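Letter by letter, the chains look like this.
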Amino acid sequence: MALWLLILIPILAAPFAWMGEQWSRYAPRWIALGALAVDFLLALLLGGHSDRVQISGHGVWLVESHLSWIPRWGISLHLGLDGLSLVLILLTAFVGVVAIIASWTEIQSRVGLFHCNVLLALGGVIGVFLAIDLFLFFFFWELMLIPMYLLIVIWGHAQRRHASFKFFLFTQAGSLVLLVAIVALALLHQQVTGRPSFDYGDLMGLPLTTDMARWLMLAFLIGFLVKLPAVPVHTWLPDTYTEAPTGATIILAGILAKTGAYGLLRFTIPLFPEVMTEFAPIAMGLGVVGILYGALLACAQTDIKRLVAYSSISHMGFILLGAFAGTELALQGVVMQMVAHGLSTGGLFLLAGALEERYQTREMGQLGGLWGVTPRLATMALFFACASLGLPGLANFIGEFLVLFGAYATQPLMIILASLGMVMAAIYSLGMMQRTFFARQRDALTAPDLSNLAFGTVLFIAALQVWLGLYPKMVLTTTRPVMKQLVQPAVASTNPTHLPSQSLLSSHIVTSQGMTP
Amino acid sequence: MILQDFIALSPILDLGAFSLVTMLAIAFKRHHARIAVFAFLSCLLTLATLPWAATATPRGVTMLLMVDRYALLYMGLILSTTMVIIALSYRYLTIQFREEEGVEEYYLLLLLATFGGLVLTTAAHFVSFFLGFELLGLSLCSLIGYLRTRRHPLEAAVKYLLLSITASAILLFGLALLYFESGTMTFHSVGAIVKQTQTVPALWLGGLILVLVGIALKLGLAPFHMWIPDVYQGAPTPITTYIATVSKAAVIALLLRLTTEVGVLEMPPIVHLFSLLAVVSMVTGNVLALLQQNVKRLLAYSSIAHFGYVLVALLAGGPPAAEAVTFYVIVYCAMSLGAFGVVTVYSNEGEDKDRFEDYQGLFWTRPWLAAMLALSLLSLAGIPVTAGFIGKFYAIAAGVDAGLWWLVLALIANSVVSLYYYLRLIVTLFGEVTEPAAVSQQEAVQRPEFVNWTTVCSLGFVASIILLLGVYPEPLIDLIRHSVNTLLMVAVQRP
């Protein structure tokens, strides 16, 4: 029942946030913050409650809740919390708080409805991270879309209609393909056992013909890659991230993109180990293309939000690369990258939104020389630019490094190419700093600096970045059992000659990071 | 023996008697509210006889009618939908009509059309099929032109009349051919001829195809859809709702029985015909809907597409198909009631509010009405928490189960296209309020007849059904499975 609370707290708080508008302009904000804070603490409590975190993996859930829902189709309300979902739920609640603070001054109209939608979207996302019945998963997967869509279409910028349509159509197309694959899996289960089932545990051991597994995995990949997004299906992202209000952009980049990654880790890879080897090079290739393509386009942007948006595509490439590398180390890098990217883009978009609010433009050409005008904003932007380019000591570095290191054994050539992405990250990040904050100062660019609230928030994110950069063990140990489970079927089906070198590498890294091997 | 027949037939007899009483009551004294309440109660009382009738089922009453749980389920759907439409109509008619113009016959015609619908659900013989078909069509024809001083309704009525005649003519010709080949008119024995001889006579097949074309005309499947947008737009909105829900549900009930009893889906030519109709309907409906600037026309085109989805489910064959089709039709009725219901409630004197501009920023001026419309549209688009999602899930599941991959893919691609126009309308609801619109809406709200408890109750009922089926569909699924089983069992058991 505690798991349902995690989902229901934001959803039930949503109408109150809406009604709160009548009492005061700040009531919705505080209600939303309160709900997320309670959620965060509850998740911490559930996760920290016992040390079973250490042994939890697939099928062994830290906390589980199982209720019958639609027995006709073998659909149940099945929730499960393990290390991976725990980390992502904590991230969700935290990024949600950042999004609300980023909207503190930007959103002035229909404040209640805005926060209502934020809470509903976050409730849906938490549901996605908890559901281990595929139907329920899909239910939440779709549920989070509507409030997100409204956030963009009501509070977005000039091109919001276009952007929101693109966002919705792309994700929905991916989702429907996913739905067909899920239904097909359930019906295959019916063919084998005589009753349909959408339960994760039941579907895991389902024997599939290679042909069927190939098609189903393709459908799952399409569904999740759109959300991630990976390169051929990424075109909704720059428009959407740019046109959405800052708060929504932070949620989109910080959390919604992670649901795609989560889908890959939780469902795509474990459900179809048979064809993993066939798909791994293609998916990793797409990842590398995404890294380079995103970085290249980011270099060419003049719009600061678009730049961060393209850099996101690049960072998501690392996630795709690591997810299919098939080593525990790379998978740990993926989790780290998810958390780190959530934090760093949250910070970057908050700052970009603050710039836009002050100067009514996102064009870097019209800014410039702001270092002296808004020192707080400028220093924090520098910090997050460094985080984004993967400066050692910050969390993004750990994520990208682990992915590259972990995947090197399987695809050396791709990794060499992917490393170029990190170089390009330095070019666009520093270019952004140069053009916005250091170039010649223009007249009439005076504006108030970051408010204490916003400054405190970014400082806190920065502190988290440093903490995770120096001491990633917190995240890594929590998710380690899950990643271990993930890698086993994959390794079993990949070329076994890679095994010794992998285990050697991982044990090496693990000890060097102060973990028990 | 005879008593059992009467019990089984009680819903139909009931409604027939009530129609007569309504007619007499109108002749005795005209009173709009009284007649409306009476019509509503007629449906309610008929609905109350369903459980009683269920005790006598399955039962073939003469060779014309087959009363089984399946028929009773569709009767329940038809009757409850009619009740909601009557509740919505009352306010609409008070606004559109002056007292002395005589609005009472509207309810009589509505009851008669529903009577035709009930006959269709039980029809097991081509004669009863034709009778029900005509009763429904003719009553609807006069209902469509009921606002007789306006241009659009009259035009729509003439169109519908022509369509009905064409459909009947084609149907009759098809029946003649079938009778020529098989010498019988019950669904079952018409199919049995083919099953026994293992050959399909050409004339028999031609006749069957003509019958199916007649049905497709009535359902508005592309390429027989030309009348749909004009009639939907021109008819008074409650009647548009009626055409979209009751009339189509009754025909689907019949189609499902016909395909099951004749064993149509075992014949490749018919399967190809259905597949073609399904794909063409989905594509035509959705693509043409993209361009619409009128809400009623948009919903009209979307209905063409939706019945394409229903055909995909139907093609799957066997119990899953019957289950999916029934579920989808029930859900579709609820969503259509919601969407057209909002248009009905929002319409004011002299015109239906059906242009996109009328809905600009509706959410900020009349949030509940806009939320209701948004909910129905999301349901039509198949987004979770709404019934439409479960319906679409059912259709996909049936298709996948039968291995109809191409049709399922077409369904998906079309759902994505359909999202575009539903979203367009939803975005309009959340747009900025234009000044004149805001003023007129303010004025409208202040007018006394605008908010009416019957409309609030009926829309509230529809909304709760949409949400309830979206979140907890299991009870309905159980009910449908029970009912559909009898349909299939009877089809198998009969010698």
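For clarity, every value in this text was computed on a predicted model and none was experimentally measured.

(A) The overall build of chain A, seen in detail. In terms of regular secondary structure, chain A is built from 20 helices and two strands. Computed over its C-alpha atoms, the radius of gyration of chain A comes to 22 Å, within 12% of the 24 Å expected for a compact globule of 517 residues. Seen through its principal axes, chain A has C-alpha atoms that stretch 70 × 55 × 40 Å. Looking at the 517 residues of chain A, the share that counts as buried comes to 62%. Sequence separation of at least 24 residues holds for 81% of the intrachain contacts in chain A that already meet a minimum separation of 6.

(B) Representation of the overall build of chain B in the model. Each helix and strand counted, chain B has 20 helices and two strands in total. Against the 2.2 N^0.38 benchmark of 23 Å for 495 residues, chain B shows a C-alpha radius of gyration of 22 Å, consistent with a compact globule. Along the three orthogonal principal directions, the C-alpha set of chain B runs to about 70 × 55 × 40 Å. Expressed as a percentage of contacts within chain B between residues at least 6 apart in sequence, the contacts between residues at least 24 apart total 79%.

(C) View of helix α9 (residues 210-227) of chain A. Residues and elements named next belong to chain A. A rise of 1.5 Å per residue sets the reference length of α9, with its 18 residues, at 26 Å; its end C-alpha atoms lie 26 Å apart and thus fit the reference within 8%. Within α9, the full set of buried residues consists of Ala213, Leu216, Met217, Ala219, Phe220, Leu221, Gly223, Phe224, Leu225, Val226 and Lys227. On its buried face, α9 is in contact with α7 (160-193), α11 (246-271) and α12 (276-300).

(D) A look at unusual backbone geometry. Omega for the bond connecting leucine 228 of chain A with proline 229 of chain A falls within 30 degrees of zero, at -10 degrees, which places this linkage in the cis form. The omega torsion of the bond from alanine 222 of chain B to proline 223 of chain B falls at 0 degrees, within 30 degrees of zero and hence cis. The backbone of arginine 110 of chain A sits at a positive phi, close to 50 degrees, despite the residue not being glycine.

(E) Highlighting the pairing of strand β1 (residues 63-70) of chain A. All names here are of chain A. By the bridge criterion, seven bridges tie β1 to strand β2 (residues 75-81) in an arrangement that is antiparallel. Directly across from glutamate 64, in β2, lies its bridge partner glycine 80. Counted along the chain from β1 to the antiparallel partner β2, the turn is four residues long, and its residue glycine 74 has a positive phi close to 65 degrees.

(F) Representation of the environment of serine 76 of chain A. In this structure, serine 76 of chain A sits in strand β2. Excluding its chain neighbours within four sequence positions, the residues that come into contact with serine 76 of chain A are His66, Leu67, Ser68, Trp69, Asp133 and Asp199 of chain A.

(G) Representation of the interface of chain A and chain B within the structure. With 23 residues of chain A in contact, the opposing surface of chain B contributes 20 residues. Looking at which element gives the most residues to the side of chain A that touches chain B, the answer is α7 of chain A, with 13 residues. In terms of residue class, the side of chain A that touches chain B is made up of 19 nonpolar, one polar and three charged.

(H) Layout of the environment of glycine 317 of chain B. Position of glycine 317 of chain B among the secondary structure elements: in the loop between α12 (295-315) and α13 (318-346). Residues glycine 317 of chain B and alanine 249 of chain B lie 68 residues apart in sequence; the distance between their C-alpha atoms is 18 Å.

(I) Molecular detail of the packing of α9 of chain A against α11 of chain A. Residue and element names in this part refer to chain A. In contact at an axis separation of 7 Å, α9 and α11 are set at 160 degrees when each is read in the N-to-C sense. Judged by the inter-axis angle, α9 sits roughly antiparallel to α11. At the point where α9 passes α11, the crossing takes the left-handed sense. Only Leu256, Ala257, Thr259, Gly260, Gly263, Leu264, Phe267 and Thr268 of α11 make contact with α9, whose side of the interface consists of Met217, Phe220, Leu221, Gly223, Phe224, Leu225 and Lys227. Residues belonging to the contact of α9 with α11 are distributed by class as follows: nine nonpolar, five polar and one charged.

(J) Representation of the environment of valine 98 of chain A in the model. All names here are of chain A. Secondary-structure assignment places valine 98 in helix α3 (residues 83-102). Each C-alpha atom, one on valine 98 and one on glycine 347, is 8.1 Å from the other, the two residues being 249 residues apart in sequence. Once residues within four sequence positions are removed from consideration, valine 98 is found in contact with Ile250, Gly346, Leu350, Thr457 and Ile461.

(K) Structural detail: helix α13 (residues 304-323) of chain A. Between the first and last C-alpha of α13 of chain A there are 29 Å, a value that for 20 residues agrees with the 28 Å anticipated at 1.5 Å per step. Of all 20 residues in α13 of chain A, 20 are buried; the element is thus mostly enclosed.

(L) Looking closely at the confidence of the model for chain A. Residue and element names in this part refer to chain A. When pLDDT is averaged along chain A, the result is 86; 91% of the residues meet or exceed 70. Note that residues 53-58 has pLDDT below 50 and, in this model, 20 contacts with residues that lie over four places away or in other chains. Per-residue pLDDT stays below 50 along residues 493-517; that stretch engages in 28 contacts with residues further than four places along the chain or on separate chains.

(M) Structural context of the nonpolar core. Formed by 404 residues in total, the largest nonpolar core has its most connected members in Val180 of chain A together with Ala313 and Tyr328 of chain B. Sorting elements by how many residues they give to this core places α13 of chain B first, with 20 residues. Other than its neighbours up to four places away in sequence, tyrosine 328 of chain B contacts Tyr309, Val310, Ala313, Gly391, Tyr394 and Ala395 of chain B.

(N) Here's a closer look at the packing of α12 of chain B against helix α17 (residues 405-429) of chain B. Residue and element names in this part refer to chain B. Put simply, α12 and α17 touch, their axes get as near as 11 Å, and they point 160 degrees apart. One way to sum up the angle between α12 and α17 is to call them roughly antiparallel. Remark: the crossing between α12 and α17 carries left-handed chirality. Along the contact surface, α12 presents Val295, Leu298, Ser302, Ala305, Tyr309, Val312 and Leu315, while α17 presents Leu407, Leu411, Asn414, Ser418, Tyr421 and Leu425. In terms of residue class, the contact of α12 with α17 is made up of ten nonpolar, three polar and no charged.

Rules and cut-offs
Residues numbered from 1 in each chain as written. Chains lettered and ligands numbered in written order. Predicted model: local features only at pLDDT ≥ 70, side-chain atom pairs only at ≥ 80, totals over all residues. Helix = DSSP H or I, 4+ residues; strand = E, 2+ residues; numbered from the N terminus. Rg over C-alpha atoms; globule rule 2.2 N^0.38 Å. Buried ≥ 20, exposed ≤ 12 C-beta atoms within 10 Å, placed from the backbone. Contact = placed C-beta atoms within 7 Å. Expected span 1.5 Å × (residues − 1). Pairing = 2+ DSSP bridges. Nonpolar A, V, L, I, M, F, W, Y, C, P; charged D, E, K, R; others polar. Axes fitted to C-alpha atoms, helices over the stretch in contact; angles between N-to-C directions. Parallel < 35°, antiparallel > 145°, perpendicular 65-115°, else oblique. Left-handed = near helix turned anticlockwise from the far one by under 90°. pLDDT = per-residue confidence, 0-100. Core = buried A, V, L, I, M, F, W, Y, C linked by C-beta atoms within 7 Å.

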